[in-house]
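Analysis of the macromolecular model
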Amino acid sequence: EAGVVQSPRYKIIEKKQPVAFWCNPISGHNTLYWYLQNLGQGPELLIRYENEEAVDDSQLPKDRFSAERLKGVDSTLKIQPAELGDSAVYLCASSLKGRAGRSHEQFFGPGTRLTVL
Amino acid sequence: QKEVEQDPGPLSVPEGAIVSLNCTYSNSAFQYFMWYRQYSRKGPELLMYTYSSGNKEDGRFTAQVDKSSKYISLFIRDSQPSDSATYLCAVRKAAGNKLTFGGGTRVLVKP
């Protein structure tokens, strides 16, 4: 079974340019997460989707970040315009919502490493 | 103060030694405790998952949770060079799916 797929794996852009990341979750997983991971830090949640609905976007900087999950499968995370401080790894994860609304294991993709010059 | 604290390391041990990792957390509402392993340029992968206080063993890995002191541990027995990675602890409340991660501890097992 294929894992979480992310593209591109690496992206280098100049500040003020737009950038987009794509994620394909594990087949059948209804919950999708975008995380930001700075060097030497743990992942921090940006947004969580259940099917097509963004149920937790409280940590997403909405002035420059946007995300969508059309049809409840693939998702795109966009930054416009990018700033130097956005250089980080952007991780996508997915999980299957289990009984009582809980899902225990999140499966992570390899991430997209963004460098803003 | 961060909700989950973890020593960043690096922790260097000889092959075959026991690796001891730990995290502390501040919110007693956290009920689920996880350890993830992350190799360089890869995403985290779940190693161990425990609910509330107690011990859980899986092969060479043992996870311990002490809710009274808000302290969680991971032990790796008979460590191998392939265990060299960053180990992240993560916690979650009873409701919702939000994981809060520690900063990770980098482990190096030398042959």
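Report on the accompanying structure.

Conventions we followed
- Residues numbered from 1 in each chain as written.
- Chains lettered and ligands numbered in written order.
- Predicted model: local features only at pLDDT ≥ 70, side-chain atom pairs only at ≥ 80, totals over all residues.
- Heavy atoms only, no water.
- Helix = DSSP H or I, 4+ residues; strand = E, 2+ residues; numbered from the N terminus.
- Rg over C-alpha atoms; globule rule 2.2 N^0.38 Å.
- Buried < 20%, exposed > 50% of the residue type's maximum accessible area, 1.4 Å probe, protein only.
- Contact = heavy atoms within 4.5 Å.
- Areas by Shrake-Rupley, 256 points an atom, 1.4 Å probe, with all protein chains shown as cover.
- Lys, Arg positive; Asp, Glu negative; His and termini not counted.
- Charge placed at Lys NZ, Arg CZ, Asp CG, Glu CD.
- Buried area = accessible area lost by both parts, 1.4 Å probe.
- Salt bridge = Lys/Arg side-chain N within 4 Å of Asp/Glu carboxyl O.
- Polar contact = N/O pair within 3.5 Å; in protein donor to acceptor, adjacent residues only side chain to side chain.

**A closer look at the overall build of chain A**
What chain A contains, in helices and strands, is zero helices and 11 strands. Taken over C-alpha atoms, the radius of gyration comes to 14 Å for chain A, in line with the 13 Å a tight globule of 117 residues would show. Reported as C-alpha extents along the three principal axes, the dimensions of chain A are approximately 45 × 30 × 25 Å. When the 117 residues of chain A are sorted by exposure, 45% land in the buried category. Contacts spanning at least 24 positions in sequence make up 55% of the contacts within chain A whose residues lie at least 6 apart. In the form shown here, chain A has an accessible surface area of approximately 6,000 Å², with 49% of it arising from carbon and sulfur atoms. Between the averaged position of the 14 positive side-chain charges in chain A and that of its 14 negative side-chain charges there is a distance of 2 Å.

**Things to note about the interface of chain A and chain B**
Taken together, the contacts link 25 residues of chain A with 20 residues of chain B. Interface area for chain A against chain B, summed over the two sides, is near 1,800 Å², with a carbon-plus-sulfur share of 45%. Run the count over chain A and chain B and you get zero salt bridges. Summed over the shared surface of chain A and chain B, the number is three residue pairs in polar contact (both at pLDDT 80 or more). Those elements giving two or more residues to the side of chain A that touches chain B turn out to be strand 4 (31–37) and strand 5 (44–50) of chain A. Top contributing element to the side of chain A that touches chain B by residue count: strand 4 of chain A, with four residues.

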